[in-house]
Amino acid sequence: WNEVKPDVIFQGRSIHLFEDWLKGESKEEYRNEQNGITTYKNFKAAVVGENKSIPTEHPIVPRLYDDYALGETDVIQFETRLGCKFNCTFCNYDFRNIKNPKITAVDSLVKFFSEAHSHGITNFYSADDTINETDDKIDTIHQAVKELDFMPNIASFARQDVLYNKPDRIEKMSEAGLTSLFFGIETVNYEANKMIRKGSTPERIIETLKQIKSHNPNFFLFSGMIIGLTHENENSIRHFNDVMLADKLLDGIGYMPLRIME
């Protein structure tokens, strides 16, 4: 095995990298300036997919064939776009701070949803890191759903702060079936919020949740919170937990400790 020295290494989200590389579509994505050659454990090899700031793969929208063992209880996931434009301090998502990622075509989503519905499936999961980071992502799903003869129920990660005073965005998400949303609010404490590059006030967070729920009470909203952020305190955590649950602004809250990883 010591004599096995590969010419090319594919790493990262490599499900389509090999196919694209064979077609010559990914060869410009080599890591460094030396003609795509880098030293790896004492031998030289071309590395494809090294640069995490440049998504080298199109969003994944599965093809569902007739012989797949699928039923109405299955939940199928898809992507509208690879990458997130935000660059939150705590986030470990590989493709964050991406400015011009590739986006899924409307007809691809129409075909995907239709194939799934032929198996009796109506529940879906959008694997995008942030489904509502830009208007065009919501518009793409909204347009695709308009061409369907059924209403999908789509769960996704989303940001609540970008929906403040944007009833048209909330309306389109509702019409597109994006009604099961996981928010990473992280903290309602203003000073702690600023530390993680969000900076929303408690009043604005609460008002945004009220706007979403008042527009469509069937929105299912869940949020993750981080325990241990600088400036956060137990009284603040307990107070806003009680406010959001008592007023039914959130249907559930999950708490995780702040973890510092190498």
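Conventions adopted
Residues numbered from 1 in each chain as written. Predicted model: local features only at pLDDT ≥ 70, side-chain atom pairs only at ≥ 80, totals over all residues. Heavy atoms only, no water. Pairing = 2+ DSSP bridges. Helix = DSSP H or I, 4+ residues; strand = E, 2+ residues; numbered from the N terminus. Axes fitted to C-alpha atoms, helices over the stretch in contact; angles between N-to-C directions. Parallel < 35°, antiparallel > 145°, perpendicular 65-115°, else oblique. Left-handed = near helix turned anticlockwise from the far one by under 90°. Contact = heavy atoms within 4.5 Å. Nonpolar A, V, L, I, M, F, W, Y, C, P; charged D, E, K, R; others polar. Buried < 20%, exposed > 50% of the residue type's maximum accessible area, 1.4 Å probe, protein only.

Draft legend 1. Spatial organisation of the sheet that holds strand E8 (residues 220-227). On the basis of which strands lie adjacent, the open sheet formed by 6 strands has the order E4-E5-E6-E7-E8-E9 and parallel pairing. Since the sheet does not close on itself, it has two edges, and those belong to strand E4 (75-78) and strand E9 (252-257), each with one partner. The sheet shows a mean angle of 20° between the axes of neighbouring strands, taken without regard to direction. Taken together, the 5 bridges between strand E7 (residues 180-186) and E8 define a ladder with parallel strand orientation. Counted as the bridge partner of Phe182 is Phe222 from E8.

Draft legend 2. Up close: the packing of helix H2 (residues 106-118) against helix H3 (residues 135-146). Relative to each other, H2 and H3 sit at 50°, their axes nearing to 9 Å. When the axis of H2 is compared with that of H3, the two are oblique. Where H2 crosses over H3, the handedness of that crossing is right-handed. Contacts between H2 and H3 pair Val106, Leu109, Val110 and Phe113 from the former with Thr140, Ile141, Gln143, Ala144 and Val145 from the latter. A class-by-class count of the residues in the contact of H2 with H3 yields 7 nonpolar, 2 polar and no charged.

Draft legend 3. Representation of unusual backbone geometry in the model. Unusually for a residue other than glycine, His231 sits at a positive phi of about 80°. Among the secondary structure elements, His231 is positioned in the loop between E8 and helix H7 (234-246). A relative accessible area of 46% means that His231 is categorised as partly exposed. Positive phi outside glycine occurs at Lys248, with the angle close to 55°. Along the chain, Lys248 falls in the loop between H7 and E9. The class for Lys248 is exposed, based on a relative accessible area of 63%.

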